[in-house]
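Now for the letters of each chain:
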Amino acid sequence: MELEEFNRLDARSAGDVVRPCLDVDRWVDAVVAGRPYPDRAAALESARTAAWPWTDAEIDAALSRHPRIGDRPGGMSAEASLSRAEQAGVAAASADLAAALAEANRQYEAKFSRVFLIRASGRTAEEVLEALRERLAHSEAEELPVIAEQLRQIAVLRLEGILSA
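First, a word on what this report is: a plain description of the structure on this page.

Reading the values: the criteria
Residues numbered from 1 in each chain as written. Predicted model: local features only at pLDDT ≥ 70, side-chain atom pairs only at ≥ 80, totals over all residues. Heavy atoms only, no water. Axes fitted to C-alpha atoms, helices over the stretch in contact; angles between N-to-C directions. Helix = DSSP H or I, 4+ residues; strand = E, 2+ residues; numbered from the N terminus. Parallel < 35°, antiparallel > 145°, perpendicular 65-115°, else oblique. Left-handed = near helix turned anticlockwise from the far one by under 90°. Contact = heavy atoms within 4.5 Å. Nonpolar A, V, L, I, M, F, W, Y, C, P; charged D, E, K, R; others polar. Buried < 20%, exposed > 50% of the residue type's maximum accessible area, 1.4 Å probe, protein only. Arc of directions from axis to C-beta.

So, on to the packing of helix α5 (residues 56–63) against helix α10 (residues 140–163). It is at 11 Å that the axes of α5 and α10 come closest, and there the two elements cross at 55°. Between α5 and α10, the crossing angle belongs to the class labelled oblique. α5 and α10 meet at a crossing whose hand is left-handed. Contacts from D56, I59, A62 and L63 of α5 reach α10 at L144, I147, A148 and L151. Residues belonging to the contact of α5 with α10 are distributed by class as follows: 7 nonpolar, no polar and 1 charged.

Following this line, the structure appears as structure tokens:
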């Protein structure tokens, strides 16, 4: 979508465009309210800073819609399509690597009671597994800011993709 077209949309339609990037109402509202953007860089900077910091409830809500890393997201939603594309490098993992990811995911979920979230786009399955194992050593207090930053990176990357078409 061209930036000019995004700037001209009514608020509801613009929200529908932005929401698959990150389904957090406060963030969506802030990005939409920042229009019109003079250029793509301004829109992306707004997305980076909008509604920062995340609340625990916003993190939990966003994570509830993210698939487990290594699982193929189902459905035809824009969010599922974006997740499939982002996890392409992880999806191509060998059986042994996929099993190691699944086990590390189980350990992470047992420790933190949430799915492991990472900006998978541009990362190999090996890199994701290494990050997952490193983050298993975190405390809850150490992990929350990492999750928040990963959510932010994913949201901005998705918006960048939407606004570059």
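After that view, the rundown keeps rolling.
Glancing now at helix α3 (residues 25–33). All of the buried residues along α3 are W27, V28, V31 and V32. Down the axis of α3, the sector holding all buried residues measures 125°, keeping them to one side. Residues of α3 that are buried sit in contact with α1 (3–8), α2 (11–18), α4 (40–49) and α10.

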